[in-house]
2 protein chains.
Amino acid sequence: MAETEISTLGEFGLIEHLTENMPPVNTSTEIGVGDDAAVLSYGEKKTLVTTDLLLEGIHFDLRYVALKHLGYKAAVVNFSDIYAMNGTPKQITVSLGISKRFTVEHIEALYAGIRLACEKYGVDIVGGDTSASVTGLIISITCIGEADADKIVYRSGARDTDIVCVSGDLGAAYMGLQLLERELNVSKDMGNDFQPAFEGREYLLERQLKPEARRDVIAELAELGVKPTAMMDVSDGLSSELLHICKASNTGCRIYEDRIPIDYQTAVMAEEFNMNLYTVALNGGEDYELLFTVPLADYDKVASMKSARVIGRITKPELGCYMSTRDDNEIELVAQGWNAFKE
Amino acid sequence: MAETEISTLGEFGLIEHLTENMPPVNTSTEIGVGDDAAVLSYGEKKTLVTTDLLLEGIHFDLRYVALKHLGYKAAVVNFSDIYAMNGTPKQITVSLGISKRFTVEHIEALYAGIRLACEKYGVDIVGGDTSASVTGLIISITCIGEADADKIVYRSGARDTDIVCVSGDLGAAYMGLQLLERELNVSKDMGNDFQPAFEGREYLLERQLKPEARRDVIAELAELGVKPTAMMDVSDGLSSELLHICKASNTGCRIYEDRIPIDYQTAVMAEEFNMNLYTVALNGGEDYELLFTVPLADYDKVASMKSARVIGRITKPELGCYMSTRDDNEIELVAQGWNAFKE
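Residues numbered from 1 in each chain as written. Chains lettered and ligands numbered in written order. Predicted model: local features only at pLDDT ≥ 70, side-chain atom pairs only at ≥ 80, totals over all residues. Heavy atoms only, no water.

## Thoughts on the interface of chain A and chain B
Stated precisely, the cut-off is as follows: By the convention used here, residues are in contact when the closest approach between their heavy atoms is within 4.5 Å. By definition, the buried area sums, over both parts, the 1.4 Å-probe accessible area that each loses when the two are put together. What makes a salt bridge here is a side-chain nitrogen of Lys or Arg within 4 Å of a carboxyl oxygen of Asp or Glu, nothing more. Any pair of N or O atoms that falls within 3.5 Å is considered a polar contact. Within protein, one atom must be able to donate a hydrogen and the other to accept it, and sequence-neighbouring residues count only if both atoms are side-chain atoms. Numbering of helices and strands starts at the N terminus; helices are DSSP runs of H or I of at least 4 residues and strands are runs of E of at least 2. In the scheme used here, Gly and all other residues not listed as nonpolar or charged are polar, with Ala, Val, Leu, Ile, Met, Phe, Trp, Tyr, Cys and Pro taken as nonpolar and Asp, Glu, Lys and Arg as charged. Two strands are said to pair when DSSP picks up at least two bridges between them.
Listed as interface residues are 69 residues of chain A and, on the opposing side, 69 residues of chain B. Where chain A abuts chain B, roughly 5,400 Å² becomes buried across the two surfaces, and 55% of that area is made up of carbon and sulfur atoms. Connecting chain A to chain B are zero salt bridges. One can count 13 residue pairs in polar contact (both at pLDDT 80 or more) joining chain A with chain B. No other element matches strand 3 (residues 46-55) of chain A, which puts nine residues into the side of chain A that touches chain B. Classifying every residue of the side of chain A that touches chain B gives 29 nonpolar, 22 polar and 18 charged. Here strand 3 of chain A runs beside strand 2 (residues 38-41) of chain B; their pairing, made up of four bridges, is antiparallel. From the neighbouring strand, Lys46 of chain A faces strand 2 of chain B, where its bridge partner is Ser41 of chain B.

This is the structure in structure tokens:
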């Protein structure tokens, strides 16, 4: 692959180069990259804004993450936050800090992933900033979305007797990360002869490296005529997010161990790593599934959903937040969620 | 000053702590920090979005920039981009990457500057992200603003015979930076006895450390009933920005050396450093003044402005972009603007 130093294009050249041939797909995008600011136009809709900062050495390790996958994931995790408000992502801005070891081709690969995600989810890139960085790669994405005023779902709307649901399955992205780290360590000892043991574990890798935002869940809820009372995306682990909803809504909750959705590969891998499967599913993080609550009256509708399942119920606040286990014990939920500031 | 490790608050605790007691000042801010995304509401107005990434060791040096000033400047440079579209900044999101040498008190100081800027300019902080960083401080701010559809000013609207104007004066922020760097180098040799020679140079330091966005220019233009045909803020130097406007508008331009606004302190300092004063004024950067063009018919109005002055005119593209000097030479304008990717 030809390698081009970034200084040959410069800041403006790089942005122009990376965003060329991307006509806007949203009518709300009036003017994108190229002026002091993008111009958006929202009529009667509400505007949603979310932002995410990803740092090399903290959030990703380029020894086992391809730049294209990284770009895809960096965009998708922002879309996920907009869907978690029951909205639709429409535009992103992308700011990059780039150290000297990266070439134009590297950044093109990163952007190819961002563009792929934007194409898949119908989102326009409307601006950004690029800069040299002293160390490592920095990715800051801000996503703007829209929603009808009466459709927006906050964290604070859960009420006693509501049903708790979650989409997809949990813990797979975390086990994918464990697998990647183990194989990376083995490869260091074995050198060039090394073949990583990924066969049969493709699902775990995909969940870690190329997560999707659950647009389909939002669509299925809309089809069923169900508006959740509260919703979040699961980025820091089910326990952490459920505690956020209960705190914001001033409620307690009961979830049931035998209702927690876990993929077969996740279970096999947890066994192999001698990890507690429910710790993995409750605290693993990076699932980007949707956690939501609905009124009891909607039970039959959500019980019929393909993309999500019922895992528990909302209670009065004094009952606390617990998981009922298969053997009828009650385990208090704690937020072991990922904290970038902990050692 | 008490020092509190950031890990004691964690990511969510830190954001809550930093943004508490900031009720929204804009009716367009419906929900700020605390959910997956902020919720904004714009009726018939257009929405403007701009973003800026500031990295320690590239854009700022904490050996001579106080964190509070840095926060103020980081916010103001984004507001400046919104004013440069003839809009009004309304909300920002703030993402921070924070290395281990920073305490909660450090980040509070940084935020105090951001909050001061927000209060002064009437802007709400509606979200953000914080993370540990392997090295140094990272600040990524996205600003959202609004404008009436028929008031937005792009870079591409300049036309032959238009008048070129610029607000304030140029080159002072650059000379302030030179002064700070010189005094820092001297202080290294002299140790604790060192008193930096800043007396009489306060204006240069203020321009570098605590720039303001030219909201007053936008207001004065509105009062006069003048809508610029093209406008940019001067962040990379007058030459670079003027070339951007001429390229986007497919025009040439003539500016006049004796019309370039330069402060007395800037001139004295350039002399002291043996630098060409017009190179400083044309290429220094970080002025955050507004550069704009208006139709010839508005000449009398802009000639009467307190906050800006006429410096030249727009020409047909084949006449190129030149500065006419006092001794009737013509110097071609070149973009020596700051490029973070150059050595």
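And the narrative resumes.
## Quick notes on the sheet that holds strand 8 (residues 230-234) of chain A
Residue and element names in this part refer to chain A. Applied cut-off: An axis is simply a line fitted to the C-alpha atoms; with a helix, the fit covers only the stretch in contact. Between two such axes, the angle follows the N-to-C directions and lies from 0 to 180 degrees.
Strand order in the open sheet formed by seven strands is 8-10-7-11-9-12-13, and the pairing between neighbours is mixed. The sheet is open, and its two borders are formed by strand 8 and strand 13 (330-332), each paired with just one other strand. Strand-to-strand twist of the sheet, defined as the mean angle between neighbouring strand axes without regard to direction, takes the value 25 degrees. When strand 9 (residues 252-256) meets strand 12 (residues 321-324), the two strands line up parallel, connected through four bridges. Across the sheet, the residue bridging to Cys253 is Cys321, located in strand 12. Running at roughly 25 degrees to strand 10 (residues 289-294), helix 6 (residues 215-224) makes contact with strand 7 (163-167), strand 8 and strand 10 of the sheet.

Treat this as a map of the structure, not an account of what it does.
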